[in-house]
Structures are given as C-alpha cells and as structure tokens.
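Structural overview
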Amino acid sequence: MLLLGPLLPLASAAVVTEIPPFLRGDIQIAYSYEQLAGTLVERGDEDVEVGQRTISDHMLNYGLTFSVGPGIAVFAQVPHYVSSRVSYGSLSDMVYDPGTGSGTYVGTTPGTEGTQVDGAGLGGVWFGVRGTPYSEAFEKRNSATTWLLEGAIRTGDPTSFWTVDEAGKRGAGPGGTAARLHTAFSTTLGISSPYITGTYIGEGKQTVTVVTPDDVSHGEVELDPANHGDIRIGIELLTGRNPASGAQFVFDLHMGVAYDAFAQLPSGFYLPNVLDVGAGGLIQQSEQMEAGAGIAAHWRPFENMQLTVNGDLGYHLPQRIEHPYPVYTGADTLSVTLGSTLGVRFR
C-alpha cells in the first residue's frame, strides 16, 4: 500500500526533470485532445459577431527514450493526428465590401453549419537528446536542484493540413521541419517539488500545393508556420509512496503562458469562407498569446509502469486571423487540453 504523510521525501528528481538510469529506457503512448473555441468578431465602427468556430485535434503520440549515459538519453517521438478539424456552429458568407476594398461578413446570408476542414495522418518524427547537467538523482554529487536540457529536430511531412494526397485525403500537422529547445528546473522541498519549464519550437518553411477546403488546388506557395514559445511554473506534491514496490502518486498544479509569432499560411482554412480571389493565397496570421492553468496526476502502481492524466484551461487573447480581413477571435475564446499517458519503465 502507499504510505502517506508530510515527512515522505521524494526518491529522486521531479517527473518533469526525470531521465531513465544508464542503459534503461521508457516506452510511452499518449492521447491528447486540444480545442480552441469561441466567437468570431468583425471589427469596424461597431464590433459584430459573425460566427462561432471550433478548432480541435485528437492526437496519439508514440515515444521511446533510452539512456546512453549517466544523465543523458536519446529519444524519438511520432505524432499521430487521429483527427484535425475546423468546424463552425454558426457562420456567415463573405462578400466584397467596396467601402473598404476587403471582404465582410456583416449583413450577409448565413451559411451552412458544420465541418469546414478535416484532416488526419502521421506527422513528422521528432529525434532528440536530453540530459541533466546536474540532478538530485546523482547520489554521489549531492545536487540540491535538477536541471534538464533537451534539443530535438522534426522531419518534414508531405501530408500536411494544407494539402491532400493522390487519393484526395487531407493530412494534418504543420508539415515542415522544426527544431525544439526545452529546459526545466526542479528541486525537492519535503514532499513538494516546485519547478519551472520553458520550450521554444522554431518551425521551418515548406513549399506545398495548397488544396483549400472546397477541394480546389491553388498551386504552390511557401508557408511559414508560427514559431512557438511557452513558460510554465508548477509544483509536484508526493501524496503517497511505497519504497518496496516503487509505487507512488504525484499531484501536479501548474500555470503558464504561451506565445505564437505571426505565420504565413494559405487563406481560407481558419475562416468560414473568404473571397474567391484570395482563396489559397498566402496571408499573414497575427501573433497570438494564451495564459492558463492546469492539473495533472502521475500514478505509478509499481516501478515499471506509470499513468498520467492531465487537464489545462487557457484564455486566448483576441487575434486577427487573416490580415486582409478585419475578423478577430472573440473575447470568449478559450483553449482546453485533456490528455493521458501510459508509460512502461524499464528499470
């Protein structure tokens, strides 16, 4: 059984900074559901609600980690987009506005509700290395803090969200190559492990033959998806542990902010409809920012298995979706992330 009490020390580094021991490894399969939902607002003399949009991703991630030295491990991760979808609960048709020389949804005939874009498939594979220059798990060094560093690259994927294959099936994911830098710090204070993490993902450009949601091919364009950065602070609480079997239960509370830079993307994917003259052409999507909080639970029934469940809620600041049109995400836009991870630990 798990032992409870305020005097239990943590056995090693926090979950967010843990690396398998030398010549040991982990296999993981993770499921996540991510949703961004809210109204669309066209700005002018008065702000007018012109639609309700939901962007959702159901994903599986397959991971393998192997420690090639004390405090250093290599890993591979394969993202599988089970479903990547943009849908609308209500929308309007866009028409040309001679007063602004742009498009407008205001005062037009409501369009058809439902799914606008739906894709699926494997994404590019992440290959990387992570290490702990110093760690509480190093028994001979007596380190008071654990510092994790990680670098990874992602291979390109021709079956991206912006195009379809020879069978007419739309892919998912950004498609281009990418690089990721990640770091985390944690320390042990009684049964708690406060931590801070930071991640940066630099997306590479990609040339694709754009096929818009109406299945029309618009020729090749060079896309530049948004670079991403986030910072998270949190605390892990060890609520129970059995040293004999390696069983333990850790509760995680955290909050953070995330920022995406501007992106160069094809027109017509994240709005209900656009002017025919601009569909499939390159547009600029403005930068975006979110702030939120979440919880997670890490249950290890015995040393060689771990189950994690997590949930996060974030507030999405208003963002201009396509630069030719004055349409923004509404002030009620929220992001939700739910997930679970099953890991087999070779120890």
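Residues numbered from 1 in each chain as written. Predicted model: local features only at pLDDT ≥ 70, side-chain atom pairs only at ≥ 80, totals over all residues. Heavy atoms only, no water.

Here we come to the nonpolar core. Trp162, Tyr270 and Val327 are the most contacted members of the largest nonpolar core, which has 28 residues in total. The set of elements that each furnish at least two residues to this core consists of β1 (25-42), β2 (48-69), β3 (72-90), β11 (206-211), β12 (217-223) and β15 (263-266). Sequence-distant contacts of Val327, that is, excluding residues within four places in its chain, are made with Leu40, Val41, Glu42, Val50, Tyr105, Leu271, Gln319, Arg320 and Ile321. Counting 5 residues, the second largest nonpolar core, distinct from the first, contains Phe75, Trp126, Ala152 and Ala178. (Core = buried A, V, L, I, M, F, W, Y, C linked by side-chain atoms within 4.5 Å. Buried < 20%, exposed > 50% of the residue type's maximum accessible area, 1.4 Å probe, protein only. Helix = DSSP H or I, 4+ residues; strand = E, 2+ residues; numbered from the N terminus. Contact = heavy atoms within 4.5 Å.)

We now examine the packing of aromatic side chains. Considering all chains together, one arrives at 7 aromatic pairs under this definition. Between Trp162 and Phe269, the aromatic rings sit 5.2 Å apart at their centres with planes inclined by 80°, giving edge-to-face as the arrangement. Residue Trp162 is found in the loop between β8 (145-154) and β9 (178-187), and its partner Phe269 is found in the loop between β15 and β16 (282-285); the two are separated by 107 residues along the sequence. Ring-pair connections join several aromatic residues into one group, and the members of that group are Phe161, Trp162, Phe269 and Tyr270. (Phe/Tyr/Trp six-rings, centres within 6.5 Å; stacked < 30°, edge-to-face > 60°.)

On to the side chain of Ser267. Locating Ser267 in the fold gives a position in the loop between β15 and β16. Ignoring sequence-local partners within four residues, the contact set of Ser267 consists of Thr212, Val274, Gly278, Ala279, Gly280, Gly281, Ile283, Glu322 and Tyr325.

All right, on to the pattern of salt bridges then. Two side chains with opposite charge may pair up if their charged atoms get near one another. In this structure the tally under the stated criterion is 10 salt bridges. The shortest N-O distance in the salt bridge between Glu18 and Arg345 comes to 3.2 Å. You can see Glu18 sitting in the segment before β1 and its partner Arg345 sitting in strand β20 (residues 334-346), a full 327 residues away along the chain. Classification of Glu18 as partly exposed rests on a relative accessible area of 24%. Between Asp26 and Arg347 there is a salt bridge, and its shortest N-O distance comes to 2.8 Å. (Salt bridge = Lys/Arg side-chain N within 4 Å of Asp/Glu carboxyl O.)

Take the side chain of Ser84 next. Within the fold, Ser84 resides in strand β3. Within the structure, the side chain of Ser84 is placed 2.6 Å from the side chain of Asp57, a separation counted as a polar contact. The residues contacting Ser84, other than those within four sequence positions of it, are Ser56, Asp57, Val117, Asp118, Gly119, Phe161 and Ala172. (Polar contact = N/O pair within 3.5 Å; in protein donor to acceptor, adjacent residues only side chain to side chain.)

Even without a glycine there, the phi angle at Leu23 is positive, about 65°. In this structure, Leu23 sits in the segment before β1. When its relative accessible area of 47% is taken as the criterion, Leu23 is described as partly exposed. Of note, Asp215 is a non-glycine position whose phi angle comes to about 65°, a positive value. Relative to the assigned elements, Asp215 resides in the loop between β11 and β12. By relative accessible area, Asp215 is classed as exposed at 60%.

Attention now moves to the environment of Gly190. Relative to the elements of secondary structure, Gly190 occurs in the loop between β9 and β10 (192-203). As for Gly190 and Leu237, which are separated by 47 residues in sequence, their C-alpha atoms are 9.1 Å apart.

Turning our attention to the environment of Val210. Position of Val210 among the secondary structure elements: in strand β11. Along the backbone, Val210 and Gly281 are 71 residues apart, and their C-alpha atoms lie at a distance of 8.4 Å.

In the predicted model, the chain carries a mean pLDDT of 92, and the fraction of residues at 70 or more is 95%. Under a pLDDT of 50 for its full length, residues 3-11 has, in the predicted model, 25 contacts with residues more than four places off or in other chains. (pLDDT = per-residue confidence, 0-100.)

In this structure, strand β14 (residues 247-260) lies alongside strand β17 (residues 288-302), joined through 13 bridges in antiparallel fashion. Bridging across to β17, Asp260 finds its partner in Gln288. Examined bridge by bridge, β17 and strand β18 (residues 305-316) share 11 bridges and lie antiparallel to one another. Note that in β18 the partner of Gly294 across the bridge is Asp312. Where β17 folds back on β18, the antiparallel hairpin that results is connected by 2 residues. (Pairing = 2+ DSSP bridges.)

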